Amino acid sequence: ELKEIVFIIQSQSNSFHAKRAEDLKRDILKQAADLGKELPTVLLIHQMDGHEGAWTILPLMRDFSVTYGRNSSWIFFCEEDTRIRVVKLLETLGRFDKSKEWFLGKALYDEESTIIHHYAFAENPTVFKFPDFAAGWALSIPLVNKLAKKLKSEPLKSDFTIDLKHEIALYIWQKGEGPHLTPVPEFCTDDVKSYKVDHCATTFSNFLPLCGEPVKKEDIFVAVKTCQKFHGDRIPVVKQTWEREAALIEYYSDYADISIPTIDLGIPNTDRGHCGKTFAILERFLNHSSPRTPWLVIVDDDTLISIFRLRKLLSCYDPNEPVFLGERYGYGLGTGGYSYITGGGGMVFSRIAVQKLLASKCRCYSMDAPDDMVLGMCFSGLGIPITHSPLFHQARPMDYPKGYLSHQIPVSFHKHWNIDPVKVYFTWLAPNTEESLNGKKVGYNREDL
């Protein structure tokens, strides 16, 4: 029965994302009403109070077990851009015995072991499957109850959340004692308009959001963090690739080099975190750039970014709200902790977010503290949520499953290890690999980069 499914939308509190999640909730309830069925429960994760780490899902398992453990059969998770055919979903879940432990989804796997998964399954990474959240994924209630019981006796370790879908699959798998992910062909990430989706219970509707005119080039100030030892090899890559897309760009270093040119902020280079340098950049943006420039982007000198696509993405965000946008990681979220935007993929700030941050007393505890984590801690303390976009990437294209990247138009990648970064940029990010034609995805000629 439909009322036995609890839908959980992996929503966010930013106004753009919250509205999309509400639209999806309305659509699920309308489909249920049109079927004449008793309405299912539909919950938005960002509205679940009391859990800073609600987005990491595992801390919610005990609540799910207590509240839904008796009268429900499935918890179905999806993203705000997942599109659901309720009848088809009912039919699909109906194939599985709801009294057993099931972990269902569209399977992703690593082609080679990767740093973002701590080189897990290095012998053969293809053996371990984890769910593509965009297609939706489901847990049977017996499995939810089992996970809740385990969490009660063994609290979550308080460390990093880097790739949630992989980490949840690892936790459920329990070193081989728990269920593997069961691949479900009806959970799809094809475009909702595609001819391939007749058999699908879920589809996916968004490759790159656009909410009107792209923001103007002049509305984005780009700050590149560098240091003297990388002037010769990393900065030429920026100049050959994405620099021309940026109207306002400055390079911040520990040495003033007029040939680039770089600006010496008077902060010595540190081997570890760059908190001192990043806060100096934030202060410079607030005090020395035009107050009419609403957006700041801070990137590393080995970040590859599409400013062209970022301008489209930012059309969806209100610069009058405190926005802190990028790829979200978590630290210590099983026991409190905080979320942060990982710096390598690029950190995007609205001017008002920078103003609120600098007006607070929150600062680096040391010059070489990790800047991205300190910023996460500060914004968490200010009650300003960070906003996640999966289009920013802390690693290289080869570090992500092909199936995951196939429903994205990426905004950034990071690192030059063992790749030709210029080739990666022109294959994945350059504006002339233009991305959508009347809303349809155009195939890229992407080699295995």
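The structure presented is a predicted model; accordingly, all values stated were derived computationally and were not measured. (Residues numbered from 1 in each chain as written. Predicted model: local features only at pLDDT ≥ 70, side-chain atom pairs only at ≥ 80, totals over all residues. Heavy atoms only, no water.)

Enquirer: Explain the nonpolar core to me, please; I cannot follow it from the model alone.
Expert: Across soluble globular proteins, nonpolar side chains show a tendency to be buried alongside one another. Counting residues in hydrophobic clusters, the biggest one holds 84 residues, and the most contacted among them are Met61, Phe64, Leu139 and Leu310. Sort the elements by how many residues they give to this core and helix α5 (residues 164-173) lands first, with six residues. Residue-level mapping places this core at the junction of two domains, with at least three residues from each of domain 1 (2-204) and domain 2 (217-438). Other than its neighbours up to four places away in sequence, Met61 contacts Phe77, Leu139, Val144, Leu147, Ala148 and Leu151. Leu296, Phe324, Leu358 and Ala369 belong to the second-largest nonpolar core, a separate cluster that totals 25 residues. (Core = buried A, V, L, I, M, F, W, Y, C linked by side-chain atoms within 4.5 Å. Buried < 20%, exposed > 50% of the residue type's maximum accessible area, 1.4 Å probe, protein only. Helix = DSSP H or I, 4+ residues; strand = E, 2+ residues; numbered from the N terminus. Domains from an automatic or database assignment. Contact = heavy atoms within 4.5 Å.)

Enquirer: Can you help me understand the sheet that holds strand β12 (residues 202-204) in this one?
Expert: Sheet strands pair by backbone hydrogen bonding; their relative direction is either parallel or antiparallel. The strand order across the open sheet built from three strands is β4-β12-β11, with neighbouring strands paired in mixed fashion. The sheet terminates laterally at β4 (82-84) and β11 (187-191), the two strands that pair on one side only. Averaged over all pairs of adjacent strands, the angle between strand axes in this sheet comes to 35°, irrespective of strand direction. Note that β11 and β12 share two bridges and pair parallel. Directly across from Phe187, in β12, lies its bridge partner Thr202. (Pairing = 2+ DSSP bridges. Axes fitted to C-alpha atoms, helices over the stretch in contact; angles between N-to-C directions.)

Enquirer: Mind showing me how you'd approach the UniProt feature "domain: Fringe-like glycosyltransferase" (unreviewed entry) in the chain here?
Expert: UniProt tags residues 67-151 and 214-424 as "domain: Fringe-like glycosyltransferase" (unreviewed entry). Structurally, residues 67-151 is divided into 25% helix and 22% strand, and its ends, taken at the C-alpha atoms, are 16 Å apart. (UniProt positions renumbered as here; feature names shortened; annotations may be inferred.)

Enquirer: Explain a nonpolar patch on the surface here, please?
Expert: Judged by side-chain polarity, Ile115, Tyr119 and Trp417 come together as a nonpolar surface patch covering roughly 310 Å² of accessible area. In this fold, Tyr119 is placed in the loop between β6 (107-108) and β7 (130-131). Using a relative accessible area of 46% as the deciding quantity, one classes Tyr119 as partly exposed. (Patch = residues over 30% accessible without salt bridge, like charges linked within 9 Å, V, L, I, M, F, W, Y side chains within 5 Å. Areas by Shrake-Rupley, 256 points an atom, 1.4 Å probe, with all protein chains shown as cover. Salt bridge = Lys/Arg side-chain N within 4 Å of Asp/Glu carboxyl O.)

Enquirer: I would appreciate a short explanation of the packing of aromatic side chains in the present structure.
Expert: Aromatic ring pairs are defined here through the distance separating the ring centres and the angle between the ring planes. Scanning the model with the defined rule gives 23 aromatic pairs in all. Look at Phe77 and Trp137: their rings are 4.2 Å apart centre to centre, the planes differ by 15°, and that puts the pair in the stacked class. Here the residue Phe77 occupies a position in strand β3 (residues 74-78), and Trp137 occupies one in strand β8 (residues 137-140), the gap between them amounting to 60 residues. Each member of the pair, Phe77 as well as Trp137, is classed as buried. Measuring from centroid to centroid gives 4.9 Å for Phe324 and Phe349, while their planes differ by 25°, and the two rings are stacked. Of the two residues, Phe324 sits in strand β18 (residues 324-326) while Phe349 sits in strand β21 (residues 347-350), which places them 25 residues apart along the sequence. (Phe/Tyr/Trp six-rings, centres within 6.5 Å; stacked < 30°, edge-to-face > 60°.)

Enquirer: How should I be thinking about the sheet that holds strand β2 (residues 41-44) in this particular structure?
Expert: Taken together, the six strands give an open sheet; going across it, the order is β2-β1-β3-β8-β5-β10, and neighbouring strands pair in mixed fashion. With one partner strand each, in any of the chains shown, β2 and β10 (182-183) form the two edges of the open sheet. On the sheet, helix α2 (residues 61-68) packs against β1 (5-9), β2, β3 and β8 and is oriented at approximately 135° with respect to β3. Helix α3 (residues 86-93) rests against β1, β3, β5 (103-105) and β8 of the sheet, and its axis sits at about 120° to β1.

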